[in-house]
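# Close look at the chain arrangement
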Amino acid sequence: GAVVSQHPSWVICKSGTSVKIECRSLDFQATTMFWYRQFPKQSLMLMATSNEGSKATYEQGVEKDKFLINHASLTLSTLTVTSAHPEDSSFYICSARAMNTEAFFGQGTRLTVV
Amino acid sequence: DAKTTQPPSMDCAEGRAANLPCNHSTISGNEYVYWYRQIHSQGPQYIIHGLKNNETNEMASLIITEDRKSSTLILPHATLRDTAVYYCIVRVEPLGSARQLTFGSGTQLTVLP
């Protein structure tokens, strides 16, 4: 299957700082990318959907000014957690799909805010 | 998308077949059944999907009942590495759609040595 790579795999940051997570589709052009968040022992919750070259669509309850999403190319989307707080600590997962394919997921990024 | 119901957990002996059930009694005629799994601290992995007919690939088999109200994912020879949470997802039109996948709580499969 297609490969989606996230970087970093884990990150620890201080409260109040910003963290950027990258999601790359390595062998296909992703017309759409999705960002999910997963808290311990819970399922994945969709945060936002982004299409290349356009603004992301955020799910209800997700602050767009706090979770900045950029999808500047067909192979790269970034999620920036701004002014991170301990409650933002979570497992962030991206997913990418091209037309006529199923969704492929990155390996996830474990964010810990201290 | 139709709602799915899965048992919260199951155990399976290593080397035996693992049969994971999923109920989707409100499924519509144009909705597909997808299966993904998530190994601990990793992103979900696509396994298989189907509409009406049974499907098989190198990872698993998908058996869909004739009325399509339920399905079973079969891992023919489970290994310890198959321990994961398995998600059954029902959604419309898999191809050409940019809609996201909606994950339920899934089934925690534990393969025992």
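For clarity, every value in this text was computed on a predicted model and none was experimentally measured. (Residues numbered from 1 in each chain as written. Chains lettered and ligands numbered in written order. Predicted model: local features only at pLDDT ≥ 70, side-chain atom pairs only at ≥ 80, totals over all residues. Heavy atoms only, no water.)

## With respect to the interface of chain B and chain A
Our working definition: Here a residue-residue contact requires only that any non-hydrogen atoms of the pair lie within 4.5 Å. Joining two parts hides part of their accessible area as seen by a 1.4 Å probe, and the buried area is that hidden amount summed over both. We count a salt bridge whenever a side-chain nitrogen from Lys or Arg sits within 4 Å of a carboxyl oxygen from Asp or Glu. Distance and chemistry together define a polar contact, namely a pair of N or O atoms within 3.5 Å, with one atom able to donate a hydrogen and the other to accept it when in protein, and with adjacent residues in sequence counting only for side-chain atoms on both sides. In this description a helix means any DSSP run of H or I spanning at least four residues, a strand means any run of E spanning at least two, and both kinds are numbered starting from the N terminus. Note that Gly is not counted as nonpolar here; it falls among the polar residues with everything else outside the nonpolar set of Ala, Val, Leu, Ile, Met, Phe, Trp, Tyr, Cys and Pro and the charged set of Asp, Glu, Lys and Arg.
Of the residues lining the interface, 21 residues belong to chain B; the matching set on chain A comes to 21 residues. Across the interface of chain B and chain A, roughly 1500 Å² is buried in total on both sides, 55% from carbon and sulfur atoms. Scanning the region where chain B abuts chain A turns up zero salt bridges. Taken together, chain B and chain A are joined by six residue pairs in polar contact (both at pLDDT 80 or more). Among the elements that take part in the side of chain B that touches chain A, strand 3 (residues 31–38) of chain B stands out by supplying three residues, more than any other. Split into classes, the residues belonging to the side of chain B that touches chain A amount to ten nonpolar, nine polar and two charged.

## Observations regarding the nonpolar core
Counted only if it meets this: Nonpolar core, defined: a set of buried Ala, Val, Leu, Ile, Met, Phe, Trp, Tyr and Cys residues in which side-chain atoms within 4.5 Å join the residues together. Note on classification: 1.4 Å probe, protein chains only; a residue is buried when its accessible area is under 20% of the maximum for its type, exposed when over 50%, partly exposed between these limits.
In this structure, A:Val4, A:Phe28, A:Trp35, A:Phe67, A:Leu79, A:Tyr92 and A:Leu111 are the most contacted members of the largest nonpolar core, which totals 26 residues. Those elements giving two or more residues to this core turn out to be strand 2 (10–13), strand 3 (19–25), strand 4 (32–38), strand 5 (45–51), strand 7 (67–73), strand 8 (76–81), strand 9 (90–97) and strand 11 (109–113) of chain A. Apart from the residues within four sequence positions on either side, A:Phe67 is in contact with A:Arg37, A:Met47, A:Tyr58, A:Val62, A:Leu79, A:Thr80, A:Val81, A:Asp88 and A:Tyr92. Listed in part, the 21 residues of the second largest apolar core include B:Ile47, B:Leu73, B:Ala78 and B:Val90.

## A look at the state of the cysteines
Spelled out, the test is: Two cysteine sulfur atoms make up a disulfide if the distance between them is within 2.5 Å.
One pass over the full model with this rule turns up two disulfides over all chains. Each sulfur of the disulfide joining A:Cys23 and A:Cys94 lies 2.0 Å from the other. Given an S-S torsion of about 75°, the disulfide between A:Cys23 and A:Cys94 has right-handed geometry. Remark: A:Cys94 occurs in strand 9 and A:Cys23 occurs in strand 3; sequence separation between them is 71 residues. Note that B:Cys22 is cross-linked by a disulfide to B:Cys88, the S-S spacing being 2.1 Å. Its S-S torsion of about -80° marks the bond between B:Cys22 and B:Cys88 as left-handed, since a negative value means left-handed.

## Let's talk about the pairing of strand 8 of chain A
Residues and elements named next belong to chain A. Rules: Two strands qualify as a pair provided that DSSP identifies no fewer than 2 bridges between them.
Burial runs high along strand 8: five of the six residues are buried. When strand 3 meets strand 8, the two strands line up antiparallel, connected through six bridges. Within strand 8, the position partnered with Val 19 by the bridge is Val 81. Bridge count for strand 7 against strand 8 is five bridges, and the pairing is antiparallel. Within strand 8, the position partnered with Leu 68 by the bridge is Thr 80. Taking the residues that link successive antiparallel strands as the turn, the strand 7-strand 8 hairpin has two residues.

## Some points on the sheet that holds strand 7 (residues 70–75) of chain B
Backbone-to-backbone hydrogen bonds join strands into a sheet, with any given pair of strands oriented parallel or antiparallel. All names here are of chain B. If you trace the four strands from one edge of the open sheet to the other, you get 2-7-6-5, paired in antiparallel fashion. Looking at which strands have only one partner, the edges of the open sheet turn out to be strand 2 (18–23) and strand 5 (55–56). Here two bridges tie strand 5 to strand 6 (residues 61–64), and the two strands are oriented antiparallel to one another. For Thr 56, the partnering residue across the bridge sits in strand 6 and is Ser 61.

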